[in-house]
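Tertiary structure, described
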Amino acid sequence: MEIVLGLILLLVGGDTLVRGSVAVARKIGISELMIGLTLVGFGTSTPELVTSIQAALAGSPGIAVGNVVGSNIANILLILGTAALIYPIVCQPAAIRRDGFVLVLAALSCVAVSLWGHMNLWVGVLFILLLAGYLFYSYLNERNTQQPSAELHRAEVEIAEPWTQKLWVGLVLAVVGIVLTILGAQFLVSGAIKLSRAWGISETIIGLTIVAVGTSLPELVTSIVAALKRKSDLALGNVIGSNIYNVWFILGATSLVKPIDFPSSIVVVDIWVMLAASILMLVIALKRGAISRWVGLGFLVLYGVYIATMA
């Protein structure tokens, strides 16, 4: 029951936070490009952030790390696969080339740290600086251009269209979203730990599956909405941005709060699945310029096989 309640609160809280933040950002004059680069990716990754921090503080590194790694795998294979089945994802390679390569770089940096086995404060600072550098470069490179990547980032705001244009309402919604997300993370982590102990399943597996998919619900909802509107390229942009945030910001911020160890099972298997899925998605999108329904089905099958191997 705690897990279900936590998932509901995370979904509602994450969506409310994003929409409230976008309303505030627009009202104070922040550009659509900057909103797309920062608030959308950060907002949809907030459930992962709060959940990983809660898990680290609770002494459950398997959930803290598994949440990020599992979410990135689910975002690509499960969420993009689902979106592509609803409506094929057609994209301009030029729009995702830079961000796609940054995603692979983020995945490689995560692999490197996992092989070391430990993520301390200084590695966390490095990860956050890498994210800040990427955002700063992207903004400077795109602010006065009509590049495909810039247009994609501006268009991403469409999937987080605020319910209001009033500043004070946006502020209230953002605060409510933060509170709901924190409560949801507390319930989810607490329920996941109890489930792990009751069923004799490792916390790492729980983190990679139930927790990871649960914290990816905002990405799932926004991707399905984008696909139903026949704007599936926004789903691809959202997933790429969210996965970059997951590695560099969430793992980085979590290690600032409390150093975390990488469970050996994640180092041996799951971190490589995350890297392989990132590269596979990028190669298909760049070579074909689309993720077809058949490719989407293939992604879902691969995700099913991945989950089945944990049994």
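This text goes with the structure placed above it.
Numbering of residues begins from 1 in every chain and follows the order in which that chain's sequence is written. The model is predicted, so local features are restricted to residues of pLDDT at least 70 and side-chain atom pairs to those at 80 or more, both for listing and for counting; the totals for chains, interfaces and linings are taken over all residues. As a rule here, side-chain values come from all non-hydrogen atoms in the structure, and water together with hydrogens is ignored.

1. Here's the deal with the overall build of the protein chain
- Helix and strand assignments follow DSSP, with helices taken as H or I runs no shorter than four residues and strands as E runs no shorter than two, numbered in order from the N terminus. Looking only at helices and strands, one finds 12 helices and four strands in the protein chain.
- When a residue's accessible area, from a 1.4 Å probe over protein chains only, is under 20% of the maximum for its type it is buried; when over 50% it is exposed; and in between it is partly exposed. Classification of the 311 residues of the protein chain by burial places 56% in the buried group.
- The contact rule is simple, with two residues in contact once any of their heavy atoms fall within 4.5 Å. Restricting the contact set of the protein chain to residue pairs at least 6 apart, pairs at least 24 apart contribute 86%.
- Calculation of accessible area relied on Shrake-Rupley with a 1.4 Å probe; when residues are assessed, cover is drawn exclusively from the protein chains displayed. Summed over its atoms, the accessible surface of the protein chain is roughly 12,500 Å², and 72% of this surface lies on carbon and sulfur atoms.

2. Considering helix α4 (residues 93-116)
- Taking 1.5 Å per residue, 24 residues should reach 34 Å; α4 reaches 34 Å between its end C-alpha atoms and fits that length.
- The seven residues ending at a residue and the seven starting there each receive a fitted axis; the angle between those axes is the bend at that residue. When the local axis directions of α4 are compared, the greatest deviation, roughly 25°, occurs at Asp 99. An expected span of 1.5 Å times one less than the residue number is assigned to each helix.

3. Focus: the pattern of salt bridges
- Each salt bridge in this description consists of a side-chain nitrogen of Lys or Arg and a carboxyl oxygen of Asp or Glu lying within 4 Å of one another. Under the counting rule described, the total for this entry stands at one salt bridge.
- Across the pair Arg 98 and Asp 99 runs a salt bridge, and its minimum N-O distance is 3.1 Å.

4. Topic: helix α11 (residues 264-288)
- Look at α11: 36 Å from first C-alpha to last across 25 residues, which is about the 36 Å you get at 1.5 Å a residue.
- By the largest-angle criterion, Asp 270 marks the main kink of α11, which is about 40°.
- Among all positions in α11, only Ile 266, Val 267, Asp 270, Ile 271, Met 274, Leu 275, Ala 277, Ser 278, Met 281, Leu 282, Ile 284 and Ala 285 are buried.
- If you follow the buried residues of α11, they end up packed against α3 (61-86), α4, α8 (203-215), α10 (232-257), β4 (290-291) and α12 (293-308).

5. Considerations on the nonpolar core
- Leu 236, Trp 248 and Ile 291 are the most contacted members of the largest nonpolar core, which totals 77 residues.
- For this core, the leading source of residues is α3, giving 13 residues. Definition used in this section: a nonpolar core is a set of buried Ala, Val, Leu, Ile, Met, Phe, Trp, Tyr and Cys residues joined via side-chain atoms within 4.5 Å.

6. With respect to the side chain of Asp 270
- Relative to the helices and strands, Asp 270 resides in helix α11.
- When its relative accessible area of 6% is taken as the criterion, Asp 270 is described as buried.
- What Asp 270 contacts, discounting residues up to four positions off in sequence, is Val 69, Ile 73, Leu 208, Ser 265, Tyr 306 and Met 310.

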